[in-house]
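# Summary of the model geometry
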Amino acid sequence: MSSAEELRRLTRELLAAQPPASTDRLDFLRARFDAGLAWVHYPEGLGGLGAPRSLQAVVDAELEAAGAPDNDSRRNGIGLGMAAPTILKYGTEEQKQRYLRPLWTGEEVWCQLFSEPGAGSDLAALGTRAVRQDDGDWVVNGQKVWTSGAHNSRWAILIARTDPDVPKHAGITYFVCDMTDPGVEVRPLRQITGEAEFNEVFLTDVRIPDSRRLGEIGDGWRVAQTTLNNERVAIGGMRLPREGGMIGPAARTWRERPELRTHDLHQRLLKLWVESEVARLTAERLRQQLVAGQPGPEGAGMKLAFARLNQEISGLEVELLGEEGLSYDDWTMRRPELVDFTGREAGYRYLRSKGNSIEGGTTEVLLNIVAERVLGLPAEPRTDKDVAWKDLAR
């Protein structure tokens, strides 16, 4: 299945059989998945047709022109951008059949139980324990933090320590956790914006069947690399139109408010506009490279650019607005269903962008990844590589 014309034909057949104007939204999305037009590069039977990833744009254009509903990807970004490719690569056939369809249609939202209070930047130092029981199930105890959308999620991708007697990277196993199970407690974390899109999650004697394990026991760190590499591409390599993202509101303010302009602000805006366009085109090239396989460490560079540009542009916008930029529209505590980095007004964008250099891998960690895995520079000395996790200082 490599012909754009063939994909157009299949899309038009879907539209004829399920007219968007008269078909229930969820029914249409399920039919689209079953027709292999959800993500065309996935295998047949799993929402795809084994076609080149680049041909997804052909399908999307036909559906958009017909006014067909989409799957509201922002609401389930972790599921679509991180959980799905990990399940596809490491899941059993039963797991793929169970999880991928309701994930893509948005019937089941996913979150990510990775970071912990004592293992943020050093994720491999995590201490959440999963202990195997006589019946084969696992019992999990621990705490996770900075969990986006946990309050709306049915499922979570979870990494936990299953062997404390080996070095930290070697004793981790990857699971799928049912967020509705007994022992899972979700608490909001109110942010500087006033919202609580993040959460902390407490796991107390949570039982996870071995059938929800992804990959081999003790191989969770390798599985997690697939998730993390896809996460960085999902954050830093998202598809945007020209002047999409943070640069759009700043440029719009400049055009509509000539009384705010100064020569210095003009020069800085031009520089950031050019850098944003370079980042947008680089992200497009990165997505095209993904046609050949899984994302690698190059995604770390895109995520670095995303965080820096968002913070610099939002800071410029606040400065451009002067006293207006110091105002804030609403501090009401909310638990939103989706994250909109460019939403609301300038003050929100400025405050929300502060988290961009932490979430999805801190800037400091990503700089190390680029240095070592992209540029091939010598690795920093590490004294804990061959030490059992239980013997590490904490």
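What you see is a predicted model; the values in this text were computed from it and never measured.

## What to know about the nonpolar core
- Core analysis: the largest hydrophobic core is formed by 36 residues, its most contacted members being W39, L100, W110, F114, I159 and Y174.
- Put simply, the parts of the chain that give this core at least two residues each are helix 2 (25-34), helix 4 (77-90), helix 5 (93-105), strand 4 (155-161), strand 5 (172-178) and helix 6 (220-236).
- For this core, the leading source of residues is helix 4, giving eight residues.
- Once you skip the residues sitting within four places of it in the chain, F114 turns out to touch L123, K144, I157, L158, I159, Y174, A224, T227 and L228.
- Core analysis: the second largest hydrophobic core is formed by 17 residues, L113, V140, A160 and V201 among them.

## Points about the pattern of salt bridges
- Applying the stated rule across the entire model yields 43 salt bridges.
- A salt bridge links E324 to R257; its shortest N-O distance comes to 2.7 Å. Pair noted here: E324 is in the loop between helix 9 (298-321) and helix 10 (346-352) and R257 is in the loop between helix 7 (247-256) and helix 8 (263-289), with a separation of 67 residues, a long-range link.
- E324 sits in the partly exposed class, given a relative accessible area of 42%.
- According to the relative accessible area criterion, R257 is partly exposed, its value standing at 24%.
- Note that K271 is salt-bridged to E275, the shortest N-O span being 2.8 Å. On the criterion of helical spacing, the pair formed by K271 and E275 is a turn pair, its members being four residues apart in helix 8.

## Points about the packing of helix 1 (residues 4-17) against helix 3 (residues 56-65)
- Closest axis-to-axis distance for the helix 1/helix 3 pair is 9 Å, and the angle between their directions is 35°. Seen from above, helix 1 lies across helix 3 with right-handed handedness. Residues A4, L7, R8, T11, R12, L14 and L15 of helix 1 touch helix 3, and the partners they reach there are V58, V59, E62 and L63.

## Notes on the environment of G81
- Here G81 is to be found in helix 4.
- Residue classification places G81 among the buried residues on the basis of a relative accessible area of 17%.
- When sequence neighbours within four positions are dropped, the list of residues in contact with G81 reads N230, E231 and A234.

## Things to note about unusual backbone geometry
- The backbone of W146 sits at a positive phi, close to 60°, despite the residue not being glycine.
- Mapped onto the elements of the fold, W146 is located in the loop between strand 3 (138-144) and strand 4.
- Residues other than glycine seldom take positive phi values, yet E243 does so here, at roughly 65°.
- Look at E243 and you get partly exposed, because its relative accessible area is 24%.

Cut-off values and rules
- Residues numbered from 1 in each chain as written.
- Predicted model: local features only at pLDDT ≥ 70, side-chain atom pairs only at ≥ 80, totals over all residues.
- Heavy atoms only, no water.
- Core = buried A, V, L, I, M, F, W, Y, C linked by side-chain atoms within 4.5 Å.
- Buried < 20%, exposed > 50% of the residue type's maximum accessible area, 1.4 Å probe, protein only.
- Helix = DSSP H or I, 4+ residues; strand = E, 2+ residues; numbered from the N terminus.
- Contact = heavy atoms within 4.5 Å.
- Salt bridge = Lys/Arg side-chain N within 4 Å of Asp/Glu carboxyl O.
- Axes fitted to C-alpha atoms, helices over the stretch in contact; angles between N-to-C directions.
- Left-handed = near helix turned anticlockwise from the far one by under 90°.

Without other data, these values stay purely geometric and don't point to any function.
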